[in-house]
Amino acid sequence: MGNYPLIKFVILFSSGILLTGIVQGISPVLLILIFVLLLVALLIVLKANRKVLTNLILFTLVIYAGFCYCNIVSGKQASYPFNNARIKNVKLKGIVTEINLPKEKYFEFYLDAAKLFYKNSEFDLNHRFFCKVKKSKPAYERFSYSIGDTLIAVGAIQKARERRNPFEFDYFEYLSGKGVSGLFYIKGLKDVECRETNSFSFTNMIYGIRLGIVHSLENMYDGKTAALLKGLLLADRSSIDYETRESFINAGVIHVLAVSGLHVGYIALIFLFLFSRFNIVVKNVLTVTGLIFFVLITGAPPSVVRASIMAVIIIFYMFSIRQYNQFNALALAAFVILLFDPNQIFDAGFQLSFSAVLSIFIIYPIFQSFIGGWKINSKFTRGILLFISVSLAAQIGTLPFTIIYFHKFSIVALIANLFVIPLIGGILAIGIISLVVYPFIELIAAYYVSANELLCYLLFLIVDKIGKWEHSFLFIPQFSLYDLFVFYLSVAGLFVLKSHFRKRHAKLMLAFLIAANCYIFMKIDDQHLLPDNILSIVMIDIGQGDSFLIKFPNGKIAMVDAGNSTFGFDNGERVIKPLLQNLSIKTVDYGFVSHTDADHYKGYESLISRGMIDTVIKPSVDSAFNKDVRFGEFVKGSGTPMKYAERQILQMGNTSLYILTDERMFEENFHDLNEKSTVMKLLYGRVGILFTGDAGRKVERNYINLYRDFLKSDVLKAGHHGSKTSTSRNFLEAVDPKIALISCGPNNKFNHPSPETIELLEANKVKILRTDLHKAAILHTDGKRIWQTYWN
């Protein structure tokens, strides 16, 4: 490495950029003072000579240069400029800075807003918004505006979703890091007006080419194949559905959907073949030009830029006398990317791409040497083993980042890649040929399209079968940056120390000891949000709806409601399932459905389909409501045991769960799902917790008459999301809670909770925990006292 100072420089420069993410808010002047003090202390301790002193100063200056450069180029993270999380009927005026490729139901673009008009007032603004325009006719509408146009649009400003539950992705922080202050939802193109049109620009030309490729793919191919090719050729995976992406993740082949070195390699080979008749200089110049064009039409993601720079360097060295060094090329690629955008170092694509290639460069030669000692005569077998070695080396390098972002370790990745990577190569090549032929001879293009759709069918079939296999992956919760450091340190230690051992059993023992220590040290920073031997309640933030997770002292798990599931967002799949997995909960023993309003039961459907609910307990079927009948049939059809909520006591170890609902309190032919909500009380030691579903004031009187003093509880789940139709004064006095839980969505259209309910609770000195204001809440009790865990 001494002959390649660029590598050292890029490592140190990158360290300075990483430092900005660790010491946000510290001024560069204060940081250089800290550096100097540490340097002086180090010199005193080490009693360093002049050469060491010079190196330390140079290293410090390069790190500091990276830190300052990132601060200068990136500036501060964007902030949301308003007090209200959602503001309707707002008019924004600004310049279009970027346009995404059209989605199925939306047009998306970024607007640098300079003016805001609201309630007959005008305000100056300097914030970027991510705008989504709903399509009224998805198949026919076109977004006719260009980058650089000045637009005025009417819509609703909304703050992006923050981390509202433990372990959840923080969308607000993600957008802030990209300089985006908020979201702007526009009902349709009729609410967008162009005030000033931009003249021709290079960025608009590139976008036009990208859009043309999209239209050609959609005209030629079926929806699923077109979505895949958009991902492979244009780095746009937004059209690939959620289930397909999950199957690719589970199978350990999600990397093929991100345009990367694999794709750039195929593209470079195609160009070299097409230009093979030219002399070497012209051929290489045309190939480099083609790679630059490919970078531009993909939107220049880090993996493509990295692979293209390395390809260009290889091509350059092919007709030069200089020695090629792959590490130097990788360092140069990283430096170029970071020079344009230092924040890319915090991007998942950058981290996965560079960790994969670096790991292949370091680890693959070790595997190659090991396989070479086996004296394998079959070239095919040798080739397969080397291919697996490349895949394994990449998987080792990317493993920590894969677990951090997806929380999954694919057991079948090596096998899946054997089939998937060759198929992707064929699909990519035929896709390019079909795009070139289609404008001239549609009939011939149709043959290529048919062949490609067949290959895509095989690809999806293989990935679906492997990815949906029950044991295809291990879910690994709570993997942190600290765990990442421990993993890489352990891998480095293994490869350094193994050379000191000659015998195989000694090396195996070394590997076992390092792996065991790695596992132990990784467990140090794990959070135990739901401790054993106490009662814990999690009020899950699922927006407008209810969902409560209960862990009993004996380890049994129950859930009361599971929120809503719509076409665009399933709370069961997207919120509750990841939370359960991160809490190491495989199944819920009892899934209580308070009643069959969508915001209480729909989220259960995906959980039941996945076998994550052992027993469903719901009110008796009310045939007056088709949704109640359909849900009952769905549960029975899934094979999940179902019981009806009747007045009874369920014992969960030393905790008693009293189902208080009694059909006798309802009049004959009484049909009101809210009023017939299952009401139940948890009693652990001296602590009581009352769940009321959406029960209203009318039925509250019946509960007071029937149970009287037994209703008294320390914690009350306020009925109907804090609506004024529930939690009457008399009922509140009967329960006499210390804490009230209110589950509702921020700025919901029902205006839950009502001011009357909040005033009543506050007048009775009840502590109020609301998901719209406080996000998810976790309560614990040992049967004597109650305390709250602050997870964020």
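Residues numbered from 1 in each chain as written. Predicted model: local features only at pLDDT ≥ 70, side-chain atom pairs only at ≥ 80, totals over all residues. Heavy atoms only, no water.

In this section: the overall build of the protein chain. Looking only at helices and strands, one finds 25 helices and 23 strands in the protein chain. For the protein chain, the C-alpha radius of gyration of 30 Å lies close to 28 Å, the compact-globule estimate for 792 residues. Principal-axis analysis of the C-alpha atoms gives the protein chain an extent of 95 × 65 × 60 Å. Of all 792 residues assigned to the protein chain, the portion counted as buried reaches 50%. Of all intrachain contacts in the protein chain linking residues separated by at least 6 positions in sequence, the fraction that spans at least 24 positions is 70%. In the form shown here, the protein chain has an accessible surface area of approximately 40100 Å², with 60% of it arising from carbon and sulfur atoms. Side chains of the protein chain give 81 positive and 62 negative charges; the mean places of these two sets differ by 9 Å. (Helix = DSSP H or I, 4+ residues; strand = E, 2+ residues; numbered from the N terminus. Rg over C-alpha atoms; globule rule 2.2 N^0.38 Å. Buried < 20%, exposed > 50% of the residue type's maximum accessible area, 1.4 Å probe, protein only. Contact = heavy atoms within 4.5 Å. Areas by Shrake-Rupley, 256 points an atom, 1.4 Å probe, with all protein chains shown as cover. Lys, Arg positive; Asp, Glu negative; His and termini not counted. Charge placed at Lys NZ, Arg CZ, Asp CG, Glu CD.)

Let's shift gears to helix 18 (residues 571-582). Spanning 12 residues, helix 18 covers 16 Å between terminal C-alpha atoms, matching the ideal 16 Å at 1.5 Å per step. Within helix 18, 10 of the 12 residues are buried, which leaves it mostly tucked inside the rest of the structure. Turning to helix 18, its buried residues are Asn571, Gly572, Glu573, Val575, Ile576, Lys577, Leu579, Leu580, Gln581 and Asn582. Its buried side turned inward, helix 18 meets helix 7 (242-250), strand 8 (473-475), strand 10 (548-551), strand 11 (557-560), strand 12 (588-592) and helix 20 (604-609). For helix 18, the N-terminal capping position is held by aspartate 570, with its side-chain oxygen 2.9 Å away from the main-chain nitrogen of glycine 572. Just downstream of helix 18, serine 584 is the residue with a positive phi angle, here 60°. (Expected span 1.5 Å × (residues − 1). Polar contact = N/O pair within 3.5 Å; in protein donor to acceptor, adjacent residues only side chain to side chain.)

What follows deals with the pattern of salt bridges. All told, the structure shown has 29 salt bridges when counted by the stated rule. Salt-bridge contacts for arginine 164 lead to aspartate 541; the nearest nitrogen and oxygen are separated by 2.4 Å. With arginine 164 in the loop between strand 4 (150-158) and helix 4 (171-177) and aspartate 541 in the loop between strand 9 (535-539) and strand 10, the pair connects residues that are 377 residues apart, well separated along the chain. Each of the two residues, arginine 164 as well as aspartate 541, counts as buried. Two residues, glutamate 573 and lysine 577, come together in a salt bridge whose shortest N-O distance is 2.8 Å. Highlighted residues: glutamate 573 and lysine 577, both in helix 18, separated by 4 residues, approximately one helical turn. When sorted by exposure, glutamate 573 lands in the same class as lysine 577, which is buried. Residues participating in the shared-partner salt-bridge network are Lys103, Glu108 and Lys132. (Salt bridge = Lys/Arg side-chain N within 4 Å of Asp/Glu carboxyl O.)

By the definition in use, this model includes 4 cavities of 30 Å³ or more. Around the largest cavity sit His595, Thr596, Lys618, Pro619, Ser620, Asp622, Asp628, Leu673 and Lys676, which together line it. Each residue belonging to the lining of the largest cavity can be placed in one class, and the counts come to 2 nonpolar, 3 polar and 4 charged. In this structure, the second largest cavity is lined by Val560, Phe592, Val593, Ser594, Ile617, Thr678, Met680, Phe691 and Gly693. (1 Å grid on protein atoms, 1.4 Å probe; cavity = no way out; pocket = protein on both sides within 12 Å on 5 of 7 lines; lining within 4 Å. Points joined across faces, edges and corners; volume = space filled by probe spheres on them. Nonpolar A, V, L, I, M, F, W, Y, C, P; charged D, E, K, R; others polar.)

So, on to the sheet that holds strand 10. Adjacent strands of a sheet pair through backbone hydrogen bonds, lying either parallel or antiparallel. One open sheet accounts for 8 strands, arranged 14-13-12-11-10-9-22-23; its pairing is mixed. The sheet is open, and its two borders are formed by strand 14 (642-644) and strand 23 (786-789), each paired with just one other strand. Ignoring which end each strand starts from, the neighbouring axes of this sheet average 20° apart. Of the strand pairs in this sheet, strand 10 and strand 11 are connected by 4 bridges, and their pairing is antiparallel. Counterpart to leucine 549 in the pairing with strand 11 is methionine 559. (Pairing = 2+ DSSP bridges. Axes fitted to C-alpha atoms, helices over the stretch in contact; angles between N-to-C directions.)

Moving on: the side chain of serine 359. Residue placement: serine 359 occurs in helix 12 (residues 348-372). With residues up to four places along the chain from it excluded, the contact list for serine 359 reads Tyr364, Ala393, Ala394, Ile396 and Gly397.

Let's shift gears to the packing of helix 6 (residues 223-234) against helix 15 (residues 442-467). Interhelical geometry of helix 6 versus helix 15 gives an angle of 85° and a closest axis separation of 10 Å. Here helix 6 is positioned roughly perpendicular relative to helix 15, judged by the angle of their axes. Within the contact between the two elements, helix 6 uses Lys224, Thr225, Leu228 and Leu229 and helix 15 uses Asn452, Glu453, Cys456, Leu459 and Phe460. In terms of residue class, the contact of helix 6 with helix 15 is made up of 5 nonpolar, 2 polar and 2 charged. (Parallel < 35°, antiparallel > 145°, perpendicular 65-115°, else oblique.)

The next thing to look at is the sheet that holds strand 21 (residues 767-770). Pairing is mixed across the open sheet formed by 7 strands, whose spatial order is 15-16-17-18-19-20-21. Two strands bound the open sheet, and with one partner strand each, they are strand 15 (648-652) and strand 21. Between one strand axis and the next, the sheet turns by 15° as a mean value, whatever way the strands run. The sheet contact formed by strand 15 and strand 16 (residues 655-659) spans 5 bridges and is antiparallel. Of the residues in strand 16, the one forming a bridge with isoleucine 649 is tyrosine 658. Strands in contact with helix 24 (residues 755-763) are strand 20 (739-742) and strand 21; relative to strand 21, the strand with the most contacts, it is inclined by about 145°.

Where nonpolar side chains cluster on the molecular surface, the patch consists of Ile433, Phe440, Ile441, Leu443, Ile444, Tyr447 and Tyr448 and spans about 760 Å² of accessible area. Tracing the chain through its elements places phenylalanine 440 in the loop between helix 14 (413-437) and helix 15. (Patch = residues over 30% accessible without salt bridge, like charges linked within 9 Å, V, L, I, M, F, W, Y side chains within 5 Å.)

Following the sequence through the fold, isoleucine 514 ends up in helix 17 (residues 504-522). Sequence-wise, isoleucine 514 and threonine 692 are 178 residues apart; in three dimensions their C-alpha atoms are separated by 52 Å. Residues within four places of isoleucine 514 in sequence aside, it is in contact with Ser490, Gly493, Leu494 and Leu497.

Here we come to the nonpolar core. Ranked by size, the top nonpolar core spans 120 residues in total, and within it Leu92, Phe109, Phe129, Ile157, Phe184, Phe248 and Leu459 carry the most contacts. If you tally residues by element for this core, the top one is helix 14, at 10 residues. When sequence neighbours within four positions are dropped, the list of residues in contact with phenylalanine 109 reads Val96, Glu98, Ile99, Phe129, Phe130, Cys131, Val133, Phe143, Leu151 and Ile186. (Core = buried A, V, L, I, M, F, W, Y, C linked by side-chain atoms within 4.5 Å.)

As enumerated under the stated definition, the model contains 24 aromatic pairs in all. Ring geometry for phenylalanine 169 against tyrosine 174: centres 5.8 Å apart, planes inclined by 55°, an arrangement best described as tilted. Owing to a relative accessible area of 54%, phenylalanine 169 belongs among the exposed residues under this scheme. With 6.4 Å between their ring centres and 25° between their planes, phenylalanine 631 and phenylalanine 634 make a pair best called stacked. Residue phenylalanine 631 and its partner phenylalanine 634 are both found in helix 21 (residues 626-638); the two are separated by 3 residues, about one turn of the helix. A residue is classified by how much of its surface remains accessible, and phenylalanine 631, at 1% relative accessible area, is buried. Note that lysine 681 overlies the ring of phenylalanine 710, its terminal NZ or CZ placed 4.4 Å from the centroid. (Phe/Tyr/Trp six-rings, centres within 6.5 Å; stacked < 30°, edge-to-face > 60°. Lys NZ or Arg CZ within 6 Å of the ring centre and 35° of its normal.)

With that settled, the discussion passes to the packing of helix 5 (residues 202-220) against helix 9 (residues 280-297). Here helix 5 crosses helix 9 at 80°, and the two axes come no closer than 9 Å. Taken as axis vectors, helix 5 and helix 9 run roughly perpendicular relative to one another. Taking contact as the criterion, the partners of Phe202, Ile206, Ile209, Arg210 and Ile213 in helix 5 are, on helix 9, Phe293, Leu296 and Ile297. Here the contact of helix 5 with helix 9 is built from residues that sort into 7 nonpolar, no polar and 1 charged.

This part takes up helix 5. Look at helix 5: 27 Å from first C-alpha to last across 19 residues, which is about the 27 Å you get at 1.5 Å a residue. On the buried face of helix 5, the contacting elements are strand 1 (86-99), helix 6, helix 9, helix 14 and helix 15.

The next point concerns the environment of threonine 20. Within the fold, threonine 20 resides in helix 1 (residues 5-22). Owing to a relative accessible area of 9%, threonine 20 belongs among the buried residues under this scheme. Measuring from C-alpha to C-alpha, the distance between threonine 20 and cysteine 70 comes to 7.3 Å, with 50 residues separating the pair along the chain.

This next bit is on the side chain of glutamate 246. Looking at the element boundaries, glutamate 246 is found in helix 7. Every residue in contact with glutamate 246, bar those within four places of it in the chain, is listed here: Lys408 and Lys577.

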